Amino acid sequence: MKQNKKLLLCRYIFEKVMAFGLIFLLTPGYYIFHMTIVRPYLIKIFKMGTAMHVFHVFLSLFIFINVCGNMFLALLTDNRVPRMSLCQNEKFGRYCVCCKLEQPRKSFHCETCGVCILRRDHHCFFFSRCIGLNNQRYYIMYLTYISIGLIYSTYYDYFFVSSMYDSYDFIIALLRVFNPLVSFISTEPVGIRDLYVLFFDLNVIFIFWATTVLWFHVKNMMMGITAYEHKKIIRSDMTKWNENLLNVFGKRWYWAVLWPFVESPLPRSNNFSRID
Ligand SMILES: [Zn+2]
Ligand SMILES: [Zn+2]
């Protein structure tokens, strides 16, 4: 039992460090790197005029704000099961002995967060938070914008990185990130360019990761099931996809997908206050 508590504490600290790195170092660092180092190169390579330059600056800023905004709101939105039930006329079933409250339908206790989460989807390792009823909208839009941002930046990174090499040397540089032995068949010295190649390779890997996770969660959302139900192969809620969309993005979903700071109240259905 003591060992279990220690493990939970280690996991908790490790997750917080990872989340801190993602939020305060990796995401802003990625944006600053592209704005200060990649952007001037691209203006030269593409002979970009002012209009096109301004368009790209605004587009990348829009994506960056959406990534950060959705990430912060996913982290800060309260997802706990309230002490007072959502709908007092409803009967509740499962009881959480840790939180000493009755759990509404689809709500579960999270051992890492230490609380009961409303319509719990899953515990996100990277955010060190549970994704549930109130922040699933931000989580899905975070994944959407991070995927768009990665595809967009990787496309331009290709021109940025490849312009530094002859075509043969570029292939060698791409390969030696994974296998340093490849360096022996190239006379090119290893330098800062190889770091950019490493970023490029990582970008490609992250694109596959982000789009796969996004696809998994969008599919679940459209089917009206949580990640937990997906694992347990529970298909109790065969509601229409447009109703399921409203249950995540709220009544003003068309604004919610464009801007994280728009309020979009969830439908006042009793769906998630009933017992299972
Ligand atoms: Zn609980
Ligand atoms: Zn959790």
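Residues numbered from 1 in each chain as written. Chains lettered and ligands numbered in written order. Predicted model: local features only at pLDDT ≥ 70, side-chain atom pairs only at ≥ 80, totals over all residues. Heavy atoms only, no water.

## Considering the coordination of the zinc ion (ligand 1)
The line we're drawing: Each metal's donors are the N, O and S atoms within 2.8 Å of it, or within 3.2 Å when it is Na, K or Ca, and because water is not part of the set, sites may look incomplete. The geometry test gives tetrahedral to four donors whose angles all lie between 85 and 135 degrees, gives square planar to four donors and octahedral to six donors whose opposite members are over 155 degrees apart with all other angles between 65 and 115, and gives irregular to the rest. To qualify as a helix, a DSSP run of H or I must reach at least 4 residues; to qualify as a strand, a run of E must reach at least 2; elements of each kind are numbered from the N terminus. Here the term buried applies to any residue with accessible area under 20% of the maximum for its type, exposed to any over 50%, and partly exposed to those in between, with areas from a 1.4 Å probe on protein chains only.
Coordination of the zinc ion (ligand 1) by the protein comes from Cys96 (SG), Cys99 (SG), His109 (ND1) and Cys116 (SG), over a distance range of 2.0 to 2.3 Å. Coordination at the zinc ion (ligand 1) is tetrahedral: its 4 donor atoms span angles of 101 to 125° at the metal. Spacing between the donor residues of the zinc ion (ligand 1) along their common chain follows C-x2-C-x9-H-x6-C. Of this pair, Cys96 sits in strand S1 (residues 95–96) while His109 sits in strand S3 (residues 108–110), and the two are 13 residues apart along the sequence. We classify Cys96 as buried; its relative accessible area is 5%.

## Quick word on the UniProt feature "transmembrane region" (unreviewed entry) in the protein
Heads up, the condition is: UniProt positions are given in the numbering used here, feature names are shortened, and annotations may be inferred rather than shown by experiment.
Per the UniProt record, "transmembrane region" (unreviewed entry) is annotated on residues 12–33, 53–76, 138–156 and 195–216. Structurally, residues 12–33 is divided into 100% helix and 0% strand, and its ends, taken at the C-alpha atoms, are 30 Å apart. As annotated, residues 53–76 comprises 100% helix and 0% strand, and the C-alpha atoms at either end are separated by 34 Å.

## Re the coordination of the zinc ion (ligand 2)
Coordination angles at a metal have ideal targets, namely 109.5 degrees for four tetrahedral donors and 90 or 180 degrees for six octahedral donors. Taken together, Cys110 (SG), Cys113 (SG), His123 (ND1) and Cys130 (SG) make up the full set of protein donors to the zinc ion (ligand 2), lying 2.1 to 2.3 Å away. Taken together, the 4 donor atoms coordinating the zinc ion (ligand 2) and their angles of 99 to 116° define a geometry best described as tetrahedral. Positions of the donor residues of the zinc ion (ligand 2), expressed as sequence spacing, correspond to C-x2-C-x9-H-x6-C. Its relative accessible area of 1% is what places Cys110 among the buried residues. Using a relative accessible area of 27% as the deciding quantity, one classes Cys113 as partly exposed.

## With respect to the packing of aromatic side chains
The geometry of two aromatic rings is summed up by the distance between their centres and the angle between their planes. So the rule is basically this: Stacked, edge-to-face and tilted are the three classes for Phe, Tyr and Trp ring pairs, Trp counted by its six-membered ring, which pair at centre distances within 6.5 Å; planes under 30 degrees apart are stacked, over 60 edge-to-face, the rest tilted.
In total, this model carries 28 aromatic pairs according to the counting rule given. A ring pair is formed by Phe33 and Tyr196, whose centres lie 5.6 Å apart and whose planes are at 45°; its orientation type is tilted. Here the residue Phe33 occupies a position in helix H1 (residues 2–45), and Tyr196 occupies one in helix H5 (residues 192–223), the gap between them amounting to 163 residues. According to the relative accessible area criterion, Tyr196 is buried, its value standing at 14%.

## A word on helix H4 (residues 167–176)
Quick note on the threshold: Throughout, the arc means that of the directions going from the helix axis to the C-beta atoms. Any two residues having at least one pair of non-hydrogen atoms within 4.5 Å are treated as being in contact.
Along H4, the residues that are buried comprise Asp169, Phe170, Ile172, Ala173 and Arg176. An end-on view of H4 places all buried positions within 160° of arc, on one side of the element. Turning to H4, the residues buried within the fold contact helix H3 (136–162) and H5.

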